[in-house]
Structure formats: structure tokens, C-alpha cells
Amino acid sequence: MALQAATSFLPSALSARKEGSVKGSAFLGVRLADGLKLETTALGLRLRTKRASTPSVAIVGAQAAAVSSPEVTPESPSGKKTLRKGTAIITGASSGLGLATAKALSETGKWHVIMACRDFLKASRAAKAAGMDKDSFTIVHLNLASLDSVRQFVKNVRQLEMPIDVVVCNAAVYLPTAKEPSYTADGFEMSVGVNHLGHFLLARELLSDLQASDYPSKRLIIVGSITGNTNTLAGNVPPKANLGDLRGLAGGLNGVGSSVMIDGGEFDGAKAYKDSKVCNMLTMQEFHRRYHEETGVTFASLYPGCIATTGLFREHIPLFRLLFPPFQKYITKGYVSEEEAGKRLAQVVSDPSLTKSGVYWSWNKNSASFENQLSEEASDADKAKKLWELSEKLVGLA
Ligand code: LMG
Ligand code: NDP
Ligand code: PMR
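First, a word on what this report is: a plain description of the structure on this page. What you are looking at is a predicted structure, and each value in this text was computed from that prediction instead of being measured. (Residues numbered from 1 in each chain as written. Chains lettered and ligands numbered in written order. Predicted model: local features only at pLDDT ≥ 70, side-chain atom pairs only at ≥ 80, totals over all residues. Heavy atoms only, no water.)

Some details on the site of ligand 1
In the region of ligand 1, 14 residues are neighbours, and Tyr174, Pro176, Pro238, Lys274 and His316 sit closest. Between an oxygen atom of ligand 1 and a side-chain N or O atom of tyrosine 174, the distance comes to 3.2 Å. Here proline 176 contributes a backbone N or O atom positioned 3.3 Å from an oxygen atom of ligand 1. In isolation ligand 1 has 1200 Å² of accessible area, and contact with the protein removes 44% of it. Taken together, the elements giving at least two residues each to the shell around ligand 1 come down to helix H9 (269–295) and helix H10 (318–332). (Near = heavy atom within 4 Å. Polar contact = N/O pair within 3.5 Å; in protein donor to acceptor, adjacent residues only side chain to side chain. Areas by Shrake-Rupley, 256 points an atom, 1.4 Å probe, with all protein chains shown as cover. Helix = DSSP H or I, 4+ residues; strand = E, 2+ residues; numbered from the N terminus.)

Points about helix H11 (residues 338–350)
End to end, H11 covers 18 Å across 13 residues, agreeing with the expected 18 Å (1.5 Å per residue, within 8%). Turning to H11, its buried residues number three or more, namely Ala341, Gly342, Arg344, Leu345, Ala346, Val348, Val349 and Ser350. (Expected span 1.5 Å × (residues − 1). Buried < 20%, exposed > 50% of the residue type's maximum accessible area, 1.4 Å probe, protein only.)

Here we look at the pairing of strand E4 (residues 111–117)
Within E4, 7 of the 7 residues are buried, which leaves it mostly tucked inside the rest of the structure. Alignment of strand E3 (residues 86–91) against E4, held across 6 bridges, turns out to be parallel. Bridged to alanine 88 within E4 is valine 113. Considered for its hand, the β-α-β crossover made up of E3, helix H4 (residues 96–108) and E4 is right-handed. Sheet analysis places E4 next to strand E5 (residues 137–141), joined by 5 bridges and oriented parallel. Bridging from a neighbouring strand, valine 113 pairs with phenylalanine 137 of E5. (Pairing = 2+ DSSP bridges. Right-handed = clockwise from strand over helix to strand, strands pointing away.)

Focus on the pattern of salt bridges
In this structure the tally under the stated criterion is 17 salt bridges. Connected through salt bridges with shared partners, the residues Arg84, Asp165 and Asp214 form a single ionic network. (Salt bridge = Lys/Arg side-chain N within 4 Å of Asp/Glu carboxyl O.)

Here's the deal with the packing of aromatic side chains
Under the defined criterion, the tally for this structure stands at 11 aromatic pairs. Both rings, one in phenylalanine 287 and one in phenylalanine 299, keep their centres 5.3 Å apart while their planes meet at 15°; by these two values the pair is stacked. Highlighted residues: phenylalanine 287 in helix H9 and phenylalanine 299 in strand E8 (residues 298–302), separated in sequence by 12 residues. Classification of phenylalanine 287 by relative accessible area gives buried; the value is 0%. Among the aromatic residues, those joined into a cluster by ring pairs are Tyr174, Tyr273, Phe313, Phe320 and Phe324. Looking at lysine 329, its charged tip hangs above the ring of tyrosine 335, at a distance of 4.7 Å from the centre. (Phe/Tyr/Trp six-rings, centres within 6.5 Å; stacked < 30°, edge-to-face > 60°. Lys NZ or Arg CZ within 6 Å of the ring centre and 35° of its normal.)

Laid out in C-alpha cells, this is it:
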């Protein structure tokens, strides 16, 4: 029944793009204008009718209905007809959580992953080392520390002419030991510039592509964290996240005539990271309020658990990197392996039961997902609106 519901939503041209029907497609290697190699498999590219990329958001009734139906599922237990492969873009898929999620999705055989990475070679080696089938992913260059790169990425991805069914904003930098701020190409403090502003532009640009997808459950996921939530112990370890009245963001976060910190304070790399995670969680909710009904897209965030071994801590002192994993494993018990965290995020990408929009997912010890409560600041609708409007200006959308 679920299967019938799923297939009945698909236009006939697209329902022909079923799993298996695209096997044996030619390998496509494209050179990007900036000299970076774009590697892809032609996942039924030629079978797909060119999608009109509408800048405006229009209502597509059937898609909206499909999203809110829990019966519509990409998981087909035994039926002859299966849903076509989904395509998921994952930023920062060259290591840690992003890579583990890409691997988990690619292993299902039901997903093609667009690995949006700043270092092509690293991503390519990482995918190979993870044992990912080379037909299950495409690496496309994306440097979130440059708005031009974000815009170029969107163009490149559209040229692939693949549907865009899920977008995962996962990449992040954490600069806890930096004494001085560093800046993105557009002059924003690096942590908020990459983790929030780069993703904000990317997500805004790709919203119309998500809406144009005929996939039954289209999703935009922005990775959050416990450390941005001051209603938790972890969120109370100093320095605490606090966006204040956003005066630093309003001033451009550039340290020239304005603070590099969102709240207008002195530079603190650890705080900037936590602030950026608050922005991620607020942005997800503001997307939900503005666009869920209109587009049918599910907007979600999550705390995947403390993945204490990832590259996120590469800038921390060696003693921290040594002690942090056992501390999280044996003392807080908040530790989770990259593999487990990847499965969690893959669930948020594809699990038919996680279609609810506007949710911040977490997991308890037996690895069941639940809707978690955000801190007061991370669920402040007025702040989310203000953040949205200021961010729009900074990335050139308003
Ligand atoms: C800032 O420090 C950093 O300056 C900044 O760079 C950035 O990292 C930021 O939030 C991130 O933190 C804040 C500083 C003050 O934090 C500390 O936590 C200092 C501790 C040093 C880091 C240790 C990390 C893990 C080390 C654990 C070692 C334990 C051994 C493990 C071995 C297990 C083997 C079985 O933070 C504070 O003010 C702390 C306030 C919160 C205190 C709550 C205390 C609860 C106690 C819980 C048990 C903890 C036991 C271990 C604590 C060891 C601390 C050395
Ligand atoms: P990693 O450092 O392993 O992964 C971060 C990824 O982001 C890397 O692929 C990195 O690329 C990429 N990246 C960094 N800067 C840029 C940029 N300018 N443009 C494009 N990509 C960039 O960290 P994690 O896997 O731990 O982090 C992933 C997400 O999980 C983050 O959003 C983080 O906030 C979140 N998270 C992590 C937790 C943890 O305990 N580790 C807990 C809660 C949330 P490259 O490989 O080239 O460096
Ligand atoms: Mg934290 C239940 C307790 C818990 C959890 C789940 C985390 C997660 N942390 C907890 C507790 C504590 N931490 C305690 C009691 C301390 C003081 C000893 C502590 C310290 C600490 C430091 C210094 N923790 C950290 C740091 C970091 O540098 C990490 C950070 O804040 O990065 C921004 C971190 C983290 N602790 C976590 C998680 C998930 C992190 C990684 C941050 C993230 O990805 O958002």
C-alpha cells in the first residue's frame, strides 16, 4: 500500500528512473572552470528531463501531500516497483560525520551522495578508504568559506541534472585555540562564516531545487549540537553560546567597525563555534516556519551524539584530543562512534518515520531517536527571524 502511494506520486517520465534501470551508465568526468575535477557517475542523467530551476517558490500539491504522508516511503520491502534512487548532497563529507553518513547512505544502494567538499583529493581518498562504491557518489567542490564558491557549487550541481532530494548542511570548523580571528573570503569571522553563513546561502539557493524534486520526502537537514544548547550540562561548559542582540552580526562580523562575535563581544573561537550551532538550529526552525507548508520540504536538525574522535578537534591541544574521547566514553557516556553517528544522520535523511518538520532530533542510549527540546535561545522565534534577515543581507540575498 505504501508502495502504491509512493509510485502514484511519480510522473511517468521519472518513475522510469528506478533502481537498476540506470546500472551500467557511462562514467562522466568533467573539469570545472576553476581547474577542480568534478567526478561523477551518470546516474541516469540522460533519462532525466531537465528541471526548470525556478527561483521563486511555487506550490506543488502532490509533493506537499506526499511529504506529510508517513505511508510514502523509499523503503520498499519486496515490491517489484521500487522508488528511484534518492540524491543527497552532504557538505563536509570528506571526514567524520559527513563521511560516515555518506557511507551509510551509499551502502543502502538507495542513495546517490553528492559529496560537497573543499578538498577534492581528500574526499576522493576518504570515500575510497571507506569502501564506498564509486558509482554511489559524486564529489563536487564546495568551499563554504567563500560565497562565490557556494554560488558556483549550486551551478555545478544543477549542471549534473540530477534531482536534489535531500541537502545536509554538515560541514563545520571549530577553532578553540585561535588567539586571533580568521576570516572567510567575504570577510566574516571563520566559524560563523563557514558553519552558518555559507550554509545559509547554500540552503536558500537549493530550496527551489528541493521543491522541484519529485521525491516523496524532500529534506533539508542542518546539523546542530548539544553545546549550543544551554539547557544541557554540555551547553554550560564555558564559554557559553549567546547571540545577544546580534549587534556583531548586524555589523558584518568583520572586525572592522564591528565585533567579530555575533553578540558584539571579544573574539573567542570556542564561543563562535557554539554561537554558529545556535544559528544552525534557529535557521532550521525559521526555514520550517517560512517554507514547510509552501514547499512540503521537511526541515530538521539534530545532535548526533559526541563523536569525540572526528577531525573537528584538530585545532585543539594534543592533551585535549587524547583525553576527550575517554572522558566522553567513560565519564559523560555521551560518546558515539563515527559509524553510529553516521547511521543516525542517515536516518534523518531517509527514515520514513522521520518526516516531521521543525524537529531537533536526538538519540537515547538504545539508539532510538526522539524529538529533543532546544534551549530558550535556540528556540527563540524572534531571534530566528532577526538572524534570518541579517544573514540574508550579509550573503547578498536582500
Ligand atoms: C574552554 O575551556 C577552552 O578554553 C576552549 O578552548 C574550548 O575548548 C572550550 O567549551 C570548549 O572550553 C573551558 C574550561 C573551563 O573547560 C574545561 O573543561 C577544562 C578541562 C580541560 C579539558 C578536558 C577535557 C576532557 C578531559 C577529561 C579528562 C578526564 C580524564 C578522562 C579519562 C577517563 C578514563 C577513564 O571549564 C570549566 O569551567 C568547567 C566547568 C564545568 C565543570 C563541571 C565539572 C563536572 C565534573 C564532571 C566530571 C569531570 C571529570 C573530568 C574533569 C577533568 C578536567 C581536567
Ligand atoms: P570533521 O572535522 O570531521 O568534519 C568537518 C567537515 O567539514 C570536513 O569534511 C571538513 O573538510 C568540512 N569543512 C570544513 N570547513 C569547510 C569549508 N570551508 N568548506 C567546505 N567544507 C568544510 O567534524 P565532524 O564530523 O565532527 O563535524 C560534522 C558536523 O557535526 C559539524 O556540523 C559539527 O558541528 C557537528 N557535530 C559534531 C560533534 C562531534 O562531537 N564531533 C557533536 C555535535 C555536532 P576537510 O575534510 O577538508 O577538513
Ligand atoms: Mg563537553 C553529558 C555531558 C557532556 C556532553 C554530552 C558533552 C558533549 N560534554 C559534556 C560534559 C562536559 N564537557 C563537561 C562536564 C566538561 C568539563 C570537564 C566538558 C568539557 C568540554 C570541552 C573542553 N566539552 C567539550 C569541550 C570542547 O572543546 C568541545 C566543544 O565544546 O566544542 C565546541 C566539547 C564537547 N562536549 C560535548 C560535545 C558534543 C562536544 C563537541 C562540541 C560539538 O560538536 O558541538
